[in-house]
Number of protein chains: 2
Amino acid sequence: MLGALSQGTRLNIIRHLVGKEREGASAGEIAEAVGAISSKASFHLSALERAGLISSERRSRHIIYRARIDSLGALVSFLMNDCCDGHPDIRACCGPAGGR
Amino acid sequence: MLGALSQGTRLNIIRHLVGKEREGASAGEIAEAVGAISSKASFHLSALERAGLISSERRSRHIIYRARIDSLGALVSFLMNDCCDGHPDIRACCGPAGGR
DNA sequence: TCAATGTTTCAAGAAAGATTGAAATGTGAA
DNA sequence: TTCACATTTCAATCTTTCTTGAAACATTGA
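Heads up: these notes are all about the structure in this document. Since we're looking at a predicted model, the values are computed, not measured. (Residues numbered from 1 in each chain as written. Chains lettered and ligands numbered in written order. Predicted model: local features only at pLDDT ≥ 70, side-chain atom pairs only at ≥ 80, totals over all residues.)

1. Comments concerning the overall build of chain A
And step 1. Helices and strands together make up the secondary structure of chain A, namely six helices and three strands.
And step 2. Secondary structure elements in chain A, listed N-terminal to C-terminal, are α-α-β-α-α-β-β-α-α.
And step 3. The dimensions of chain A, computed from C-alpha atoms along their principal axes, are 45 × 25 × 20 Å.
And step 4. Relative to its full complement of 100 residues, chain A shows a buried share of 34%. (Helix = DSSP H or I, 4+ residues; strand = E, 2+ residues; numbered from the N terminus. Buried ≥ 20, exposed ≤ 12 C-beta atoms within 10 Å, placed from the backbone.)

Listed below in structure tokens is the structure:
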């Protein structure tokens, strides 16, 4: 997952999809939004899906992609807890709204 | 930073250094801890330092590395806020101890 | 069936990253 | 000075990842 996110185009795709959590977006719309030709977008969408960060669903001619919020949460959790051993200063960075 | 963390040896280095936040650890100790020959460890330590995730300080013959907790916090914060737009379900993953 | 649309797959090349062993650098002690 | 130790740098090689354009596949509507 970290590898999947460490690439500009893919980070932009995630940002776009998090902003459209419910609706999701088609491959073409995503490609346009991030300024990539179709094959490039498809390549990166595959990488993100392989990493489990997004999901896809065919909807007639379009393929709708959605961010997997659960996976993003798991990644943040991994960084906080496994990688950083729950260090309080790192937890604190979430801001006062964190925790629930 | 995401790229720097998306590599097994480097993730292990970070884990080792977070566990020794105060003391830090020398290049040699780190190399042994993560099972890497010296040049390999040095290569990855450089990458982590270039990314701002660790700092180094010469101490006579040794070079002591330390995790930069502030940077790790900034990275988690980036994922939560910039990348994921502060999505509540992602924030929630911090667990009940989050926020301060 | 045919054509149009949306998307992926493929092949090729370019670029970036990882690993290794040997050599070089810096430091302290005899 | 010289030696030993800790670490980095270098060069070579290998692997992986990115990008592009063309071709293929899937779906829909005329």
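2. Comments concerning unusual backbone geometry
All names here are of chain A.
And step 1. One non-glycine residue with positive phi stands out, namely Ser60, at about 55 degrees.
And step 2. Counting through the fold element by element, Ser60 comes out in the loop between strand 2 (54–59) and strand 3 (62–67).
And step 3. The class for Ser60 is exposed, based on 6 C-beta atoms found within 10 Å.

3. Here's the deal with helix 4 (residues 38–50) of chain A
Residue and element names in this part refer to chain A.
And step 1. A rise of 1.5 Å per residue sets the reference length of helix 4, with its 13 residues, at 18 Å; its end C-alpha atoms lie 18 Å apart and thus fit the reference within 8%.
And step 2. All of the buried residues along helix 4 are Ala41, His44, Leu45 and Leu48. Relative to the axis of helix 4, the buried residues are bounded by an arc of 105 degrees and lie together on one face. When the buried face of helix 4 is taken as reference, the exposed residues oriented beyond 90 degrees from it are Ser39, Ser46 and Arg50.
And step 3. Packed against the buried residues of helix 4 are helix 1 (2–5), helix 2 (8–18), helix 3 (27–34), strand 2 and strand 3.
And step 4. Among the residues trailing helix 4, Gly52 stands out with phi positive, at a value near 85 degrees. (Expected span 1.5 Å × (residues − 1). Arc of directions from axis to C-beta. Contact = placed C-beta atoms within 7 Å.)

4. What about the protein's contact with DNA strand D?
And step 1. In the vicinity of DNA strand D, 22 residues are found, and the nearest of them are Ser60 of chain A together with Ser26, Gly28, Ser39 and Ser42 of chain B.
And step 2. Breaking the surface near DNA strand D down by element, the ones donating at least two residues are helix 4 of chain A together with helix 3 (27–34), helix 4 (38–50) and strand 3 (62–67) of chain B.
And step 3. Ranked by residue count, the leading element in the surface near DNA strand D is helix 4 of chain B, at six residues.
And step 4. Taken together, the residues of the surface near DNA strand D break down into seven nonpolar, 11 polar and four charged. (Near = placed C-beta within 6 Å. Nonpolar A, V, L, I, M, F, W, Y, C, P; charged D, E, K, R; others polar.)

5. As for the sheet that holds strand 1 (residues 25–26) of chain B
Residue and element names in this part refer to chain B.
And step 1. The three strands lie next to each other as 1-3-2, forming an open sheet whose pairing is antiparallel. Single-partner strands in this sheet number two, and they are strand 1 and strand 2 (54–59).
And step 2. Summarising the sheet, strand 2 and strand 3 pair through six bridges and their orientation is antiparallel. Residue pairing for strand 3: Glu57 is matched across the bridge by Ile64.
And step 3. Helix 2 (residues 8–19) contacts strand 1, strand 2 and strand 3 of the sheet and is inclined by roughly 90 degrees relative to strand 3. (Pairing = 2+ DSSP bridges. Axes fitted to C-alpha atoms, helices over the stretch in contact; angles between N-to-C directions.)

6. So, the nonpolar core
And step 1. Within the largest apolar cluster, 51 residues are counted, with the highest numbers of intra-cluster contacts made by Ile14 and Val76 of chain A together with Ile14 and Val76 of chain B.
And step 2. Beyond its immediate chain neighbours, meaning those up to four positions away, Ile14 of chain B contacts Cys83 of chain A together with Leu5, Leu53 and Ala67 of chain B. (Core = buried A, V, L, I, M, F, W, Y, C linked by C-beta atoms within 7 Å.)

7. Remarks on the pairing of strand 3 of chain B
Residues and elements named next belong to chain B.
And step 1. Note: strand 1 against strand 3, two bridges, orientation antiparallel. Paired with Ser26 across the strands is Ile64, a residue of strand 3.
And step 2. If you look at the hairpin formed by strand 2 and strand 3, you'll find two residues sitting between the two strands, and Ser60 has a positive phi there, around 55 degrees.

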